[in-house]
Amino acid sequence: QVQLVESGGGLVQAGGSLRLSCAASGRPFSSYARGWFRQAPGKEREFVAAISSSGGSTYVADSVKGRFTIFRDNARNTVYLQMNSLKAEDTAVYYCAAARDYGLILTEGLYDYWGQGTQVTVSS
């Protein structure tokens, strides 16, 4: 059974940092593209960051560019989202996802597997 489990969320003050992790189990994910999305209260889920299966290519949304970094450790089947200089508007439930593809996937509907989400709350 394929499973993605996020961790690392929590409450942080504006300007602080958090690192989210997403561990995959059930099959080797080294050939899967990975991504992070988020959903704030009352809003639709939005793209945050994506990374190719090798980790050689990454892309982050304009709203987090320069503050968030996505990277992965294929030996651990884990993808990370390093979040720095957090703002109140970053408050959301963050979801990780995996797609049976090698490249960068920015579209929510193209992902095959999803985690349950982890809450990130940034106090101003």
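Quick note: structure is the one above.
Summary of the structure given here.

The rules behind these values
- Residues numbered from 1 in each chain as written.
- Predicted model: local features only at pLDDT ≥ 70, side-chain atom pairs only at ≥ 80, totals over all residues.
- Heavy atoms only, no water.
- Core = buried A, V, L, I, M, F, W, Y, C linked by side-chain atoms within 4.5 Å.
- Buried < 20%, exposed > 50% of the residue type's maximum accessible area, 1.4 Å probe, protein only.
- Helix = DSSP H or I, 4+ residues; strand = E, 2+ residues; numbered from the N terminus.
- Contact = heavy atoms within 4.5 Å.
- Disulfide = S-S within 2.5 Å.
- Salt bridge = Lys/Arg side-chain N within 4 Å of Asp/Glu carboxyl O.

**Some points on the nonpolar core**
Within the largest apolar cluster, 38 residues are counted, with the highest numbers of intra-cluster contacts made by Trp-36, Leu-81, Met-83 and Tyr-94. Taken together, the elements giving at least two residues each to this core come down to strand S3 (18–25), strand S4 (33–39), strand S5 (46–51), strand S7 (68–73), strand S8 (78–83), strand S9 (92–99) and strand S11 (118–123). Looking at this core element by element, the count peaks at six residues for S9. The residues touching Tyr-94, leaving out its near neighbours within four places in the chain, are Glu-6, Leu-20, Trp-36, Phe-37, Arg-38, Val-48, Phe-68, Leu-81, Met-83, Gly-117, Thr-118 and Val-120.

**A word on unusual backbone geometry**
A positive phi angle, near 55°, is found at Asn-77, a position not held by glycine. Inspection of the secondary structure assignment puts Asn-77 in the loop between S7 and S8. Positioned with a positive phi, Ser-85 is a non-glycine residue whose angle comes to about 50°.

**Structural notes on the state of the cysteines**
Under the definition given, this model contains one disulfide. The disulfide bridge from Cys-22 ends at Cys-96, spanning 1.9 Å between sulfur atoms. Its torsion about the S-S bond being 45°, the disulfide of Cys-22 and Cys-96 is classed as right-handed. Here the residue Cys-22 occupies a position in strand S3, and Cys-96 occupies one in strand S9, the gap between them amounting to 74 residues. When sorted by exposure, Cys-22 lands in the same class as Cys-96, which is buried.

**Re the pattern of salt bridges**
Across all of its chains, the model carries seven salt bridges by this definition. Close ionic contact of Asp-90 with Arg-38 constitutes a salt bridge, the shortest N to O distance being 2.9 Å. Of the two residues, Asp-90 is situated in the loop between S8 and S9 and Arg-38 in strand S4; the sequence distance between them amounts to 52 residues. When its relative accessible area of 0% is taken as the criterion, Asp-90 is described as buried. Put simply, Asp-112 and Arg-100 hold a salt bridge, and the shortest N to O gap is 3.3 Å. With Asp-112 in the loop between S9 and strand S10 (113–114) and Arg-100 in the loop between S9 and S10, this pair connects stretches of sequence that are twelve residues apart. What makes Asp-112 partly exposed here is its relative accessible area of 33%.

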